[in-house]
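Structural characterization, general
Listed below are the residues making up each chain.
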Amino acid sequence: MRGYSLSHLSDPVLLRGLATLVAQDRAATAVLLAHLGEVDARRLYLPAGFPSMFCYCIHQLASGKRRPTSASGRRAPPASFPPSSPRWPTAGCT
């Protein structure tokens, strides 16, 4: 896996890369939202055993099995308040 040290990049290359990544992130976010909307419209969370799209997102998409790894290949730390935390309103989600 490639490291994330960018100290070797010149200022213009770094800024150009940042602008490109922001544009890619916006495009990916738009596609992600379109997918979420279509899954919700088709109610595909029901056959998967979830009572709502919210529960599907919390338990299926944000499960610990899919936690990203850090640049070093180690598991990234969990979110500051994971779904099991009282701050997540998961009432009704099984």
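Residues numbered from 1 in each chain as written. Predicted model: local features only at pLDDT ≥ 70, side-chain atom pairs only at ≥ 80, totals over all residues. Heavy atoms only, no water.

A word on the packing of helix α1 (residues 11-42) against helix α2 (residues 53-61)
One way to put it is that α1 packs onto α2 with a least axis distance of 10 Å and a crossing angle of 125°. Compared by their axis directions, α1 and α2 come out oblique. Relative to α2, α1 is oriented so that their crossing is right-handed. Residues Leu 36, Val 39 and Asp 40 of α1 form the contact with α2, whose participating residues are Met 53, Cys 57 and Leu 61. Residues of the contact of α1 with α2, tallied by class, amount to 5 nonpolar, no polar and 1 charged. (Axes fitted to C-alpha atoms, helices over the stretch in contact; angles between N-to-C directions. Helix = DSSP H or I, 4+ residues; strand = E, 2+ residues; numbered from the N terminus. Parallel < 35°, antiparallel > 145°, perpendicular 65-115°, else oblique. Left-handed = near helix turned anticlockwise from the far one by under 90°. Contact = heavy atoms within 4.5 Å. Nonpolar A, V, L, I, M, F, W, Y, C, P; charged D, E, K, R; others polar.)

Here we look at α2
What α2 keeps buried is the set Met 53, Cys 55, Tyr 56 and Ile 58. Contacts from the buried residues of α2 go to α1. (Buried < 20%, exposed > 50% of the residue type's maximum accessible area, 1.4 Å probe, protein only.)

Comments concerning α1
Helix length check: α1, at 32 residues, gives a terminal C-alpha distance of 47 Å against a target of 46 Å (1.5 Å per residue), a fit within 8%. Immediately beyond the C-terminal end of α1, within one or two residues, lies Arg 43, with a positive phi of roughly 55°. (Expected span 1.5 Å × (residues − 1).)

Examining unusual backbone geometry
Not every positive phi belongs to a glycine, and Arg 43 is a case in point at roughly 55°. Counting through the fold element by element, Arg 43 comes out in the loop between α1 and α2.

Some details on the nonpolar core
Counting residues in each nonpolar core, the largest one holds 6 residues, listed as Tyr 45, Phe 50, Met 53, Cys 55, Tyr 56 and Cys 93. When near neighbours in sequence (up to four residues on either side) are disregarded, Tyr 56 contacts Tyr 45, Ala 48, Phe 50 and Leu 61. (Core = buried A, V, L, I, M, F, W, Y, C linked by side-chain atoms within 4.5 Å.)

Focus on the pattern of salt bridges
What the rule picks out here adds up to 1 salt bridge. Glu 38 serves as the salt-bridge partner of Arg 42, at 2.7 Å between the closest nitrogen and oxygen. Residue Arg 42 and its partner Glu 38 are both found in helix α1; the two are separated by 4 residues, about one turn of the helix. Its relative accessible area of 54% is what places Arg 42 among the exposed residues. (Salt bridge = Lys/Arg side-chain N within 4 Å of Asp/Glu carboxyl O.)

Observations regarding the environment of His 59
Take His 59: it is sitting in helix α2. Note: C-alpha distance between His 59 and Cys 93 (34 residues apart in sequence) is 8.3 Å.

Things to note about the packing of aromatic side chains
Within the structure shown, the criterion is met by 1 aromatic pair. Between Phe 50 and Tyr 56 the ring centres are 5.6 Å apart and the planes differ by 80°, which places this aromatic pair in the edge-to-face class. (Phe/Tyr/Trp six-rings, centres within 6.5 Å; stacked < 30°, edge-to-face > 60°.)

What to know about the confidence of the model for the protein
Here the protein shows a mean pLDDT of 80. Residues at 70 or above account for 67%. Here residues 66-71 is modelled with pLDDT under 50, and outside its nearest four sequence neighbours on either side it reaches 17 contacts, counting other chains as well. In this model, residues 75-79 is a region of pLDDT below 50 whose contacts with residues beyond four sequence positions or in other chains number 12 contacts. (pLDDT = per-residue confidence, 0-100.)

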